[in-house]
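One-letter residues, chain by chain:
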Amino acid sequence: MDRHDGALIAQSIRNPEVFEVVFDRYYQAVYRFAVGRAGVSEAGDVAGETFLRAFARRHRFDVEQSNALPWLFGIAVNVTRERFRKVNRGRRALDRVAATPEII
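Definitions and cut-offs
Residues numbered from 1 in each chain as written. Predicted model: local features only at pLDDT ≥ 70, side-chain atom pairs only at ≥ 80, totals over all residues. Heavy atoms only, no water. Core = buried A, V, L, I, M, F, W, Y, C linked by side-chain atoms within 4.5 Å. Buried < 20%, exposed > 50% of the residue type's maximum accessible area, 1.4 Å probe, protein only. Helix = DSSP H or I, 4+ residues; strand = E, 2+ residues; numbered from the N terminus. Contact = heavy atoms within 4.5 Å. Phe/Tyr/Trp six-rings, centres within 6.5 Å; stacked < 30°, edge-to-face > 60°.

Enquirer: Just to check I follow, could you spell out the nonpolar core for this structure?
Expert: General note: in soluble globular proteins, nonpolar side chains tend to be found buried as a group. Membership of the largest hydrophobic core comes to 24 residues, with the highest contact counts inside it found for Val 22, Tyr 26, Val 30 and Leu 72. No other element matches helix α2 (residues 19-38), which puts 9 residues into this core.

Shown next, in the form of structure tokens:
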């Protein structure tokens, strides 16, 4: 099996289990990246979601690239951004509810 990330990801289109090599190779790096951006409490979820999206979108990866880590970091940034937006929307909604006068 070719160890080049592009070739591995291309092979994973036909044989999905090959993507496990990419996961094993980069999970810790993506997790550490997520800790730095989202904190320890969110890092596992961010890393997991990053790999779920990467797997689902692996057909979009430029197989000429030898290193998938920048692609994975880009996905992790987007996952983190989306999680923060969702949390902030929830907080704003709670603030609006708290500011609404109680009608009895």
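Enquirer: Looking at this structure, how should I read the side chain of Arg 53?
Expert: Mapped onto the elements of the fold, Arg 53 is located in helix α3 (residues 40-56). Under the relative-accessibility criterion, Arg 53 is labelled buried at 16%. Setting aside residues up to four positions removed in sequence, Arg 53 forms contacts with Ile 75, Val 79 and Glu 82.

Enquirer: What is the right way to look at the packing of aromatic side chains in this model?
Expert: Any two aromatic rings considered together are summarised by their centre-to-centre distance and by the angle between their planes. Inspection of the entire model under this criterion finds 7 aromatic pairs. Geometrically, the ring pair formed by Phe 23 and Phe 51 is edge-to-face, given 4.9 Å between the ring centres and 70° between the ring planes. Here the residue Phe 23 occupies a position in helix α2, and Phe 51 occupies one in helix α3, the gap between them amounting to 28 residues. A residue is classified by how much of its surface remains accessible, and Phe 23, at 32% relative accessible area, is partly exposed. Phe 51 sits in the buried class, given a relative accessible area of 5%.

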